[in-house]
Structures are given as C-alpha cells and as structure tokens.
Amino acid sequence: MDRNRLESAIVDEELTKELPFVKKAGAAVSVGIVAAVAVCAVGVYAMFGGKNIPVNDEDDAAVSQTTTTAVQAEETATAAVSQAEATWKKAGIEEYDLVLETVKATEVTSTVAEEEETKAETTTAKKTTAKAAATTASEAEKETQDSSEADDEEDTQEVTSCSDKTRYTSEKVNMREEPSIDGELITVIMADEKITVTGYTDDWYQIKYDGETGYCMKKYTTKEEPESEEVEEEEEEETQTSVISYTDTEFDMLCCVLQGEVGNCSESSKIAVANVIINRVKSSSFPNTIEGVLTQANQFTAVKGYYNGTSTPSQNTIDCAERALAGEDNTNGAVYYYAVNYCSSSSAAWFETLTFCMEIDGQRFFK
C-alpha cells in the first residue's frame, strides 16, 4: 500500500511538471514532503526486515493525512498560480493600456509639434511675403517718384540753341521767363512784331524782343514778314517762301552740313551744295525730308558735326542756306557732286557717267 502511494506520488510528481512555473514550485514542495515520508518508511521497513513493521489504522491515518496535506499544498499552489496569472494578466492589460495612452500622447504631442512647426513656417512665410511686399511697394514708390521726377523734368523742356533767325508774331502772344505756360510773364507782344529766335524746344521759341530774353509759343509766330503800311494797297509785297518744308532741327542740320562740306568755300559753293540736298528731298529717288537725306548711309558724313556738336555754322553759311531754301538754285537741278581733290578715281569715274551740270571751286555737280 505504501508502495502504491509512493508510485502515486511519483505520478503526481510527473503531472506536476506540466504545471506553470509557480504551480511547479508548489508541487515540488508537496512531492518533497511525500518523498521524505516514503524514504523514512522504506528505511524503517529495511531496518526491521520489512515484514515485521506493524501496520495499523493510525499509520494509514498518518499516510492519509500526509496525502491530504500534499493535495492541499498542491491546491494552494494552483490557486497561487491562478492568482499570479490573473495578477499578471491584469498588470499586462494595464501596462498595455498605459502603452496605448503613451503612444496616443506621443502622437498628439507630435501632431501639436507639427502644427506648431507649420504655424511657425506659415508665420515666417507671411513675414517674408509681407517684407517682400513692403520692399516691392517701396521699389514701386521709388519708381513712381522717379517717374514723377522724370515727368517734372519733361515739363521743363530742354532748350536747343540755334543761330539767330528772324520771325514775326502772327497774333498777340505772351513772352515768358521759361518755356512753360506757368512761367513768369515778361510782357505781351502784339501781332506782326519782329522777334529774333535764338533757340527752341518742341513747342517754344527762345527769343529776343525789345531788349528782353524770354520764350513764346511757336504756333503764334511766322516766317512771313507782315505787310508794311507804307506800301500801296495794289502793290504786293514780295515774301520769302521755302521750296520745301522743314523743321528748325532740320535747318540747323543743313547749316552744319554746309559748314562741314564747304565751310571755307565761296557762297556759290555753299548754295550749290544746299541745292543738291534740297533737290534730293524733292526727288522720288531719295528720302523726302532734309533729315532723311542728310542721315542716309554713306552720303553726308559731315552731319556728325551736328550730333556731336563739333561744327558751328558761320552767319554766312546760315544766310546761304536760307537763300537756297528760298529757291535760289545755281546747280541746274543737280543731285550729286564730288570734290576732285578728295575723290577716288573709281568713284569719280562713276560720277562722270552722269549728266554734268557745272563745276564750282573744284567741285563737279551732276544729275
């Protein structure tokens, strides 16, 4: 019977090995107690020869009590294991919830950080945009100011000097200190008064009148001299008219070219060269303005003296230009000329294929 119990205890020991760690610990304690009792029983049995060991109900009760104690220990261990597992599971769940909360908090913190960063970037971008807008506005304001200053400069027109020319007032006109309607009034010039033009702008003449220097508007002047009261009514006064139309600028250009081309020659040469230019304006083979003729490529290089200010026409040259414009033509309609001493033989040969008109001061004219 003791052997059966021992074997049962051993079997129980084998089963106990299947339990979890905490349960195994409790079972091991129980098995240890049973094993100790068994060892003691075997020792007594061996000492007394086995068969002489008395067996009674008290022994059975002791063994039964021992077995019951082992079972109770096992149940206590099992309960402890169950409680430990429950505690572990509870702790695990709480920790899991804690982890979730931590993750959520981290995500919220990250989201808040990203929002703050985005907000900061947006604020920076707005500041940069505002700064750029302010800079642009400042630049625009500066450009507007520069433009306004430029407009103010345009209001005060630049005056170009010219040789003295005689003109007449076509009607009553104001003479002002500046070429502007806002200029201080010097005097009022009546109609048909003689004035001397010394310069010009787009709309104004710089003039001398009655010992004063000032400005009057171009549109109130004329080149035509008014009729004299001393002339009989039936007698028509000769007036000087131009054979072509031209501007004040073109007149100055013409005078500069004459000075550069034949400034040291006779009046006849000056009038002849002026007529070559005039005849070209009237011809369909050339530009129809004095400026167009004078600036045509490889023709009148002396026009550079007008643009760079190196040629100043004499009064004699100016007078010859006015005579030619009034219709005085001594070239027989020439539109070409060349100076014999300054022209290459090949160019001269080409000129000589044209119709010869005349020769003056070593210059030959053709058409």
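Scroll up for the structure.
Residues numbered from 1 in each chain as written. Predicted model: local features only at pLDDT ≥ 70, side-chain atom pairs only at ≥ 80, totals over all residues. Heavy atoms only, no water.

## Here we look at the sheet that holds strand 9 (residues 356–360)
- Strand order in this open sheet of three strands is 8-10-9, and the pairing throughout is antiparallel. Each edge of the sheet is formed by a strand with only one pairing partner; in this case those strands are strand 8 (336–339) and strand 9. Neighbour-to-neighbour, the strand axes of this sheet turn through a mean angle of 20°, independent of strand direction.
- Bridge analysis of strand 9 against strand 10 (residues 363–366) gives four bridges, and the strand direction is antiparallel. (Pairing = 2+ DSSP bridges. Helix = DSSP H or I, 4+ residues; strand = E, 2+ residues; numbered from the N terminus. Axes fitted to C-alpha atoms, helices over the stretch in contact; angles between N-to-C directions.)

## Quick word on the side chain of Thr-221
- Tracing the backbone through its elements, the reader meets Thr-221 in strand 7 (residues 221–222).
- Exposure remark for Thr-221: the relative accessible area of 9% places this residue in the buried category.
- A polar atom in the side chain of Thr-221 sits 3.2 Å from the side chain of Arg-167.
- In this structure the side chain of Thr-221 is engaged in a polar contact, spanning 2.8 Å, whose partner is the backbone oxygen of Lys-218.
- When neighbours within four sequence positions are excluded, Thr-221 is seen to be in contact with Arg-167, Tyr-168, Thr-169, Ser-170, Ile-195, Tyr-205 and Cys-216. (Buried < 20%, exposed > 50% of the residue type's maximum accessible area, 1.4 Å probe, protein only. Polar contact = N/O pair within 3.5 Å; in protein donor to acceptor, adjacent residues only side chain to side chain. Contact = heavy atoms within 4.5 Å.)

## Observations regarding a negative patch on the surface
- Among the surface-exposed residues, Glu-177, Glu-178, Asp-182, Glu-184, Asp-210 and Glu-212 lie close enough to one another that they form a single negatively charged patch.
- Here Asp-210 falls in the exposed class, since its relative accessible area comes to 71%. (Patch = residues over 30% accessible without salt bridge, like charges linked within 9 Å, V, L, I, M, F, W, Y side chains within 5 Å. Areas by Shrake-Rupley, 256 points an atom, 1.4 Å probe, with all protein chains shown as cover. Salt bridge = Lys/Arg side-chain N within 4 Å of Asp/Glu carboxyl O. Lys, Arg positive; Asp, Glu negative; His and termini not counted. Charge placed at Lys NZ, Arg CZ, Asp CG, Glu CD.)

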